[in-house]
Amino acid sequence: MSELVTLGAPAPTRWRNPRRRLPAVRWAVQAGYLAFLAAVGIEFASFHAAALRGDPGSASRPPAVEAFLPIGALVGLKRFALTGNWDDVHPAGLAILLGAVASALLARKAFCGWVCPVGTLSRGLESIGRNLFWRRGWPRVPVALDYGLMSLKYALLGFFLWAILWSMPLPAIEGFLHSPYNIAADAKMLLFFEDLSVTAAVVLASLVALSLVLRNFWGRYLCPYGTLLGLASWFSPLRIVRDAPNCNDCQACTRVCPVEIPVASRASVTNPECTGCLSCVAACTAPDVLTISRRRKGISPWVVPAVGVATLLAFWVGARATGHWTSLVPPEVFARAYRIAPVLEH
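Now for a look at the structure at hand. Note that the structure is predicted; figures quoted are calculated from it, not measured.

Details of the pattern of salt bridges
- By the definition in use, this model includes eight salt bridges.
- The closest approach of N and O atoms between R61 and D186, which form a salt bridge, is 2.8 Å. Of the two residues, R61 sits in the loop between α2 (22–52) and α3 (70–83) while D186 sits in helix α10 (residues 185–194), which places them 125 residues apart along the sequence. You'll find R61 and D186 in the same group, each marked buried.
- A salt bridge links R79 to E174, with the nearest nitrogen and oxygen atoms 3.1 Å apart.

Following this line, the structure appears as structure tokens:
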């Protein structure tokens, strides 16, 4: 009789991860930012064309285009630290850099995982590569080679920090920031894509091909911006923690991690490669094993993207409210710099 009761009993309800929709939301946020920056690019191209026609006042220059000028922002950061004066040429670039660093200090590398357009494109290439070539798992890079390649981005970051924050004196900084070369930096970025050289095309094609073969190639091996944010993220109070006694060792979290962190063997994810994408949390097959606190009922994982994105928006609002978002350079000066931008490349 007991066997009949057992056989007739309803099957236990399978636990469904309430965080499983995190990747879809992440895609939506990334797509929204990518669409926004595409609109910024189109608006800037119109301003650039009007400037070359001699009528820069007929179009507006979007300050957000300065998101693509991180080197100039780093120079502006040192000037701000030395003098207290905000960059008046590309002020939005400095606001975006500080916002990204602040978001990393508070919420891991949420900028890389939820906002960065290069990260979005890289994620798209990863998805294509997985569906075309690597359905059974990405190829493993030998550990020695992996560490050797990862050292490249740290070397690049070290070079920029040394050349700008350490070696560049204030007179050189002032001269650079107000030079035609820096004023036309946004135009040079546009011309890079509009008049793509054979060398640049080969490099971009190689990066695309490598991203299809090696998971997250750009972010893992070459991106100095993400490396800077990764170092800042070490101080973040938000991080993935694992409740080891209740973990069923399914390894799902490790398999889905885009930066190949062995989450299933860590008590706490402090790795600077972690982008706060929360793919591991969404893939977890046991209740409350992966959280954002050492407590079993921890902070909601949604806090990571919410704090990261909100920090960036707060810097944008603050910069606009204090006059530190829109460049003080007159449109006519931008136009003169744009006309000589192709000469400055040679």
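Regarding the packing of helix α4 (residues 91–107) against helix α13 (residues 224–233)
- For the pair α4 and α13, interaxial distance at closest approach is 7 Å and the crossing angle is 40 degrees. Considered as vectors, α4 and α13 are oriented oblique to each other. Here α4 runs over α13; the crossing is right-handed. Within the contact between the two elements, α4 uses I96, L97, A100, V101, A104 and L105 and α13 uses Y225, L228, L229, A232 and S233.
- In the contact of α4 with α13, the residues fall into ten nonpolar, one polar and no charged.

Some remarks on empty space enclosed by the protein
- Using the criterion set out here, one finds two cavities of 30 Å³ or more in the structure.
- Lining the largest cavity are 14 residues, with C257, I261, C274, C277 and C280 sitting closest to its centre.
- Among the residues forming the lining of the largest cavity, the class breakdown is eleven nonpolar, three polar and no charged.
- In this structure, the second largest cavity occupies an estimated 80 Å³ of space.

Some details on the packing of aromatic side chains
- Enumeration according to the criterion identifies eleven aromatic pairs in this entry.
- Residues F44 and Y338 carry aromatic rings whose centres are separated by 6.0 Å and whose planes lie at 85 degrees to one another, so their mutual orientation is edge-to-face. On the criterion of sequence distance, the pair formed by F44 in helix α2 and Y338 in helix α17 (residues 331–339) is long-range, its members being 294 residues apart.
- Given the relative accessible area of 1%, Y338 is considered buried.
- With centroids separated by 5.7 Å and ring planes inclined at 25 degrees, the aromatic side chains of F111 and Y225 adopt a geometry described as stacked. Within this pair, whereas F111 is found in helix α5 (residues 110–115), its partner Y225 is found in helix α13, the two being separated by 114 residues in sequence.
- Members of the aromatic cluster, connected to one another through ring pairs, are F44, F47, F334 and Y338.
- Lying across the ring of W27, R123 places its NZ or CZ 3.8 Å from the centre.
- The ring centre of Y181 lies 3.7 Å from the NZ or CZ of K188, which sits over that ring.

Observations concerning a nonpolar patch on the surface
- On the surface, F68, M189, F192, F193, L196 and L204 cluster together into a nonpolar patch covering about 500 Å² of accessible area.
- Take the nonpolar patch: its biggest share by element is three residues, from α10.
- Along the chain, L204 falls in helix α11 (residues 198–213).
- Residue L204 is classed as partly exposed on the basis of its relative accessible area of 30%.

Observations regarding α11
- Look at α11: 23 Å from first C-alpha to last across 16 residues, which is about the 22 Å you get at 1.5 Å a residue.
- Looking only at α11, the buried set comprises A200, S211 and L212. When α11 is viewed along its axis, its buried side chains cluster within an angular range of 115 degrees and face the same direction. Among the exposed residues of α11, those pointing more than 90 degrees away from its buried face are V198 and T199.

Observations regarding unusual backbone geometry
- In this model, L278 sits at a positive phi of 65 degrees, which is unusual for a non-glycine residue.
- Tracing the backbone through its elements, the reader meets L278 in the loop between α14 (252–256) and α15 (279–283).
- A positive phi angle, near 60 degrees, is found at D288, a position not held by glycine.
- For D288, the location among the structural elements is in the loop between α15 and β2 (290–291).
- By relative accessible area, which is 26% here, D288 ends up partly exposed.

Thoughts on α3
- In a regular helix each residue adds 1.5 Å, so 14 residues correspond to 20 Å; α3 covers 20 Å between its end C-alpha atoms and thus fits that length.
- Three or more residues of α3 are buried, namely G72, A73, L74, V75, G76, K78 and R79.
- Elements that come into contact with the buried residues of α3 comprise α4, α7 (143–166), α8 (170–177) and α9 (180–183).
- One or two residues past the end of α3 sits G84, with phi positive at roughly 80 degrees.

The rules behind the values
Residues numbered from 1 in each chain as written. Predicted model: local features only at pLDDT ≥ 70, side-chain atom pairs only at ≥ 80, totals over all residues. Heavy atoms only, no water. Salt bridge = Lys/Arg side-chain N within 4 Å of Asp/Glu carboxyl O. Helix = DSSP H or I, 4+ residues; strand = E, 2+ residues; numbered from the N terminus. Buried < 20%, exposed > 50% of the residue type's maximum accessible area, 1.4 Å probe, protein only. Axes fitted to C-alpha atoms, helices over the stretch in contact; angles between N-to-C directions. Parallel < 35°, antiparallel > 145°, perpendicular 65-115°, else oblique. Left-handed = near helix turned anticlockwise from the far one by under 90°. Contact = heavy atoms within 4.5 Å. Nonpolar A, V, L, I, M, F, W, Y, C, P; charged D, E, K, R; others polar. 1 Å grid on protein atoms, 1.4 Å probe; cavity = no way out; pocket = protein on both sides within 12 Å on 5 of 7 lines; lining within 4 Å. Points joined across faces, edges and corners; volume = space filled by probe spheres on them. Phe/Tyr/Trp six-rings, centres within 6.5 Å; stacked < 30°, edge-to-face > 60°. Lys NZ or Arg CZ within 6 Å of the ring centre and 35° of its normal. Patch = residues over 30% accessible without salt bridge, like charges linked within 9 Å, V, L, I, M, F, W, Y side chains within 5 Å. Areas by Shrake-Rupley, 256 points an atom, 1.4 Å probe, with all protein chains shown as cover. Expected span 1.5 Å × (residues − 1). Arc of directions from axis to C-beta.

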